[in-house]
Amino acid sequence: MTDLQGQPHSPPPPARVMQMICGYWVTQSIHVAAELRIPDLIAAGTGKLDDLATVTGAHPGALARLLRALESLELLARQSDGRYQLTPLGECLREGVPNSMRNLALLAGEEHYRIWAHLDHSVRTGEPALERALGAPLWAYLETHPEAAVRFNNAMSDLARNVHLAAVAAYDFSTVKKVVDVGGGTGSLLAHVLATHDHLTGVLFDLPRVVAKAGPVLEQAGVQDRCEVVGGDFFAGGVPTDGDVYLMSLVLHDFDDEQSVRILKSVREAIPDHGKLVILEQVVPADGKPHISKLVDVNMLVVSGGRERTEAEFAQLLNSAGFRFESTLPSPTTINAIVGTP
Ligand SMILES: C[S@@+](CC[C@H](N)C(=O)[O-])C[C@H]1O[C@@H](n2cnc3c(N)ncnc32)[C@H](O)[C@@H]1O
């Protein structure tokens, strides 16, 4: 593998820093390729530059330069006849494949990109910059921008499929009957849990406009008969009762500590004494070693005003809401299951 200067590994410090400084070049190159559906077109057999330019309506010379950059990023490869093909990395930018990250590429290059331009505001004030960048708080913005809501929900589904599933697999559901997924989005994670555990029933709980889109997800997984769908607001109570396990996947990191305690207290009111709380989140290592969660934490600062947390911070949060921290389960991905009991 080579770096962006075409040099072998370990470029000198200024070159490495330049790669970091210009990280947005990569974000936007991938975003535009995904938006133009270049990976889908190549996968469908449109591998020639001229054909790609015709189908996408792009400027052929400019598109050639973008494709060359994507080749340099090892997302595309060029065959001896000049046709492009996808590499294993490029495959992840196709729509609808099991390991697709296309929707995350769309979200990152669109709303997140615009919000990150205001990071200085967040660092100076401690406030999220989403409202400054987009004109409304996150959930209100999604309410009034349906195309952005689709991007957001689909990006969450990409992550659920590719990152959360391995984390939830660490939990033993063998003695569980009913799983309530709190803030479960359009149901990707719960659908997977139900599909892989025939004996379970589920309750999907999220905002009404979000769960309204869950039908096709549950049907595609063949679990609609075992899954109840409930629309509501966890700040207003109304979390479904009688679950054995309450899943919360990437919900608390959207909120500050005070809001997170309020959400957890709503769950605490609903959960039976024998119930378990299973939180899927990044756990920030307390040491100074490199870890993606430390950048995700800055993303949460600027986008939603939420945060990533260390294990000790999760334990503190649980404690404040009437739960007891039990354990953090090991995971092959960057997301872990954090287990709590009432
Ligand atoms: C980052 S998404 C995570 C979605 C899903 N659990 C996953 O892992 O892909 C956070 C979820 O919290 C939901 N949410 C936000 N505010 C809510 C509220 N007041 N009541 C219920 N759900 C809410 C959002 O609609 C969204 O689906």
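Residues numbered from 1 in each chain as written. Predicted model: local features only at pLDDT ≥ 70, side-chain atom pairs only at ≥ 80, totals over all residues. Heavy atoms only, no water.

As recorded in an unreviewed UniProt entry, the protein goes by the name Methyltransferase, listed as coming from Carbonactinospora thermoautotrophica.

## Things to note about the packing of helix 11 (residues 146-168) against helix 12 (residues 188-195)
Operational definition: Orientation is described by axes fitted as lines to C-alpha atoms, over the contacting stretch for helices, and by angles from 0 to 180 degrees between their N-to-C directions. The helix count covers DSSP runs of H or I at least four residues long, the strand count covers runs of E at least two residues long, and both are numbered beginning at the N terminus. Working rule for angles: under 35 degrees goes down as roughly parallel, over 145 as roughly antiparallel, 65 to 115 as roughly perpendicular, anything else as oblique. If you view the pair so one helix is near and one far, a crossing is left-handed when the near helix is turned anticlockwise from the far one by less than a right angle, and right-handed when it is turned clockwise. Residue contacts are counted whenever heavy atoms from the two residues lie within 4.5 Å of one another. Asp, Glu, Lys and Arg are counted as charged, while Ala, Val, Leu, Ile, Met, Phe, Trp, Tyr, Cys and Pro are counted as nonpolar; the rest, among them Gly, fall into the polar class.
Running from N to C, helix 11 and helix 12 point in directions that differ by 45 degrees, and their axes come no closer than 9 Å. Between helix 11 and helix 12, the angle falls in the class oblique. Remark: the crossing between helix 11 and helix 12 carries right-handed chirality. Mapping the contact onto sequence places Ser157, Ala160, His164, Leu165 and Val168 in helix 11 and Ser188, Leu189, His192 and Val193 in helix 12. Along the lines of polarity and charge, the residues of the contact of helix 11 with helix 12 split into 5 nonpolar, 4 polar and no charged.

## Quick notes on the sheet that holds strand 4 (residues 201-206)
What counts, and what does not: The criterion for strand pairing is that DSSP finds at least two bridges linking the strands in question.
The strand order 5-4-3-6-7-9-8 describes an open sheet built from 7 strands, whose pairing is mixed. Of all the strands in the sheet, the pair left with one neighbour each is strand 5 (227-231) and strand 8 (324-329). Neighbour-to-neighbour, the strand axes of this sheet turn through a mean angle of 20 degrees, independent of strand direction. Pairing analysis gives 5 bridges linking strand 4 to strand 5, with the strands arranged parallel. Bridging from a neighbouring strand, glycine 202 pairs with cysteine 227 of strand 5. Along the sheet, helix 12 contacts strand 3 (178-182), strand 4, strand 5, strand 6 (245-249) and strand 7 (276-282); its crossing angle with strand 4, the most-contacted strand, is approximately 175 degrees.

## Here's the deal with the site of the ligand
Spelled out, the test is: A molecule or strand has a residue near it when one of that residue's heavy atoms lies within 4 Å. In protein, a polar contact means a hydrogen-donor-capable atom and an acceptor-capable atom, both N or O and within 3.5 Å, with residues adjacent in sequence counting only if both atoms are side-chain atoms; elsewhere, any N or O pair within 3.5 Å suffices.
What surrounds the ligand is a group of 17 residues, the closest being Gly183, Asp206, Asp233, Phe234 and Ser249. Within the contact set of the ligand, a nitrogen atom lies 2.7 Å away from a backbone nitrogen or oxygen of glycine 183. In this structure, aspartate 233 approaches the ligand through a side-chain N or O atom, which is 2.8 Å from a nitrogen atom. Of the residues that constitute the shell around the ligand, the class distribution is 8 nonpolar, 6 polar and 3 charged.

## Some words on the pattern of salt bridges
Here is the rule: Only one rule defines a salt bridge in this text: a Lys or Arg side-chain nitrogen within 4 Å of an Asp or Glu carboxyl oxygen. Three exposure classes are used, based on accessible area relative to the maximum for each residue type with a 1.4 Å probe and protein chains only: buried under 20%, partly exposed in between, and exposed over 50%.
For the structure on display, the rule yields 11 salt bridges. Between arginine 102 and glutamate 95 there is a salt bridge; the shortest N-O distance is 3.8 Å. Residue glutamate 110 is joined to arginine 114 by a salt bridge in which the shortest nitrogen-to-oxygen separation is 2.9 Å. You can see glutamate 110 and its partner arginine 114 sitting in helix 7 (residues 102-116), 4 residues apart, about one turn around the helix. For glutamate 110, a relative accessible area of 22% translates into the label partly exposed.

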